[in-house]
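# A look at the structure
Chain by chain, the residues:
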Amino acid sequence: MLGYTDLLGLAALLTALFVGWRSRRVSAIWGALGIGIAAWLCGRLGFLALHVEALREGQTPTGYAEHTALLGAWLAHQALQRWRPAWAPPAPSFALAVCAIGIAASLGCIAHGCAFGREVFWQIEGEHSLAWQLRADWPDDTFTRAPRLPTQLFMLAWLGAGALFALARRCSAAFGVWWFALGDFGVQFLRGDEAAHWLGLRVYQWLDLALGLGVVSALVITRLRATRAGR
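Notes on the structure follow. This structure is a prediction, so every number in the text was calculated from the model and none was measured.

## Some points on the overall build of the chain
- Along the backbone of the chain there are 10 helices and 4 strands.
- The order of helices and strands in the chain, counted from the N terminus, is α-α-α-α-α-α-α-β-β-α-α-β-β-α.
- Principal axes of the C-alpha set define a box for the chain whose edges measure 65 × 45 × 40 Å.
- The 231 residues of the chain split such that 40% are buried.
- A separation of at least 24 residues holds for 64% of the contacts in the chain among residues at least 6 apart in sequence.
- A total accessible area of about 13,300 Å² is found for the chain, and carbon and sulfur atoms account for 66% of it.

Shown next as structure tokens:
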């Protein structure tokens, strides 16, 4: 059975090959791999920044922050479009890659217990409630199994819909990042893992808002500049 890292690597490789096939440019494959490296580096640095207390205690936590990874990937794609257009994957392919790698991460999290949902109880929810009907006997981050909301599956379905949209439409590169942020913001309400809260929202939801609004704002500014330049 493929592990979390194996699934991510396989998804990254397949999307890079798909980008090259769809664009008919070998340079786009190298560009996709470069974007992957930027995502890996930013994801790792973001994770360490979110766990700075553990670093102060001499620990080295392992993991990646998906929000900073997406930000790094999108910034790398924008940089390639500006300075090395031949290396930049087409925008719809980039959006598809974001969704595909997110799907792989969701699958990998099921067995490893990351991004797990909150526990549900038929005594509280009701045996005919939607929450109890959707439950899954999946582990948390301590590998303790219990009836939980399958949040990984919810995110997988959301990103799958985004991938189909990216295949069918000529969407912008920002679409993949925005789509992830929107879905993750909603799914976070159902998560059971610990997270800092501020003004009633989890820290990851604030990152979703910052990521989604930041990318959309940058897209709007770019289009306004292009419109003014065309006058």
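Having seen the model, we can carry on.
## A short note on the pairing of strand β2 (residues 145–148)
- Side chains Ala146 and Arg148 project from β2 onto a buried face, and the interleaved Arg145 and Pro147 project onto a face without burial.
- As defined by bridge partners, strand β1 (residues 136–139) adjoins β2 across 4 bridges and the pair is classed as antiparallel. Across the sheet, the residue bridging to Asp137 is Pro147, located in β2.
- Hairpin connection, β1 to β2: the antiparallel pair is bridged by 5 residues, and Phe143 has positive phi, about 65°.

## Observations concerning the packing of aromatic side chains
- Evaluated as defined, the whole model comprises 7 aromatic pairs.
- Between the aromatic rings of Phe175 and Trp178, the centroid separation amounts to 6.3 Å while the plane-to-plane angle is 40°, which identifies the pairing as tilted. Within this pair, Phe175 and its partner Trp178 are both found in helix α9 (residues 173–187), separated by 3 residues, close to a single helical turn.
- Judged by its relative accessible area of 11%, Phe175 falls in the buried class.
- Since its relative accessible area comes to 34%, Trp178 is described here as partly exposed.

## As for the side chain of Gln152
- Of note, Gln152 is situated in helix α8 (residues 151–168).
- Residue Gln152 is classed as buried on the basis of its relative accessible area of 3%.
- Other than its neighbours up to four places away in sequence, Gln152 contacts Ser106, Cys109, Ile110, Cys114, Ala115, Phe116 and Trp138.

## Description of helix α4 (residues 66–83)
- Compared with the 26 Å implied by 1.5 Å per residue over 18 residues, the 26 Å span of α4 between its first and last C-alpha is a close match.
- Listed in full, the buried residues belonging to α4 are His67, Ala69, Leu70, Gly72, Ala73, Trp74, Ala76, His77 and Leu80.

## Here's the deal with the state of the cysteines
- Summed over the entire model, instances satisfying the criterion amount to 1 disulfide.
- Each disulfide pairs two cysteine sulfurs, and for Cys109 the partner residue is Cys114, the sulfurs being separated by 2.1 Å. Note on the Cys109 and Cys114 pair: the S-S dihedral is about -105°, so by sign convention the disulfide is left-handed.
- Cys42 takes part in no disulfide bond, and the closest cysteine sulfur, belonging to Cys99, lies 19 Å away.
- Looking at Cys171, it has no disulfide partner, and the nearest cysteine sulfur is the one in Cys99, 7.9 Å off.

## As for the environment of Gly162
- Structurally, the position occupied by Gly162 is in helix α8.
- The class of Gly162 is buried, set by a relative accessible area of 0%.
- Separated by 46 residues in sequence, Gly162 and Asp208 place their C-alpha atoms 16 Å apart.
- Among all residues touching Gly162, those that are not within four sequence positions of it are Cys99, Phe175 and Trp179.

Calculation criteria
- Residues numbered from 1 in each chain as written.
- Predicted model: local features only at pLDDT ≥ 70, side-chain atom pairs only at ≥ 80, totals over all residues.
- Heavy atoms only, no water.
- Helix = DSSP H or I, 4+ residues; strand = E, 2+ residues; numbered from the N terminus.
- Buried < 20%, exposed > 50% of the residue type's maximum accessible area, 1.4 Å probe, protein only.
- Contact = heavy atoms within 4.5 Å.
- Areas by Shrake-Rupley, 256 points an atom, 1.4 Å probe, with all protein chains shown as cover.
- Pairing = 2+ DSSP bridges.
- Phe/Tyr/Trp six-rings, centres within 6.5 Å; stacked < 30°, edge-to-face > 60°.
- Expected span 1.5 Å × (residues − 1).
- Disulfide = S-S within 2.5 Å.

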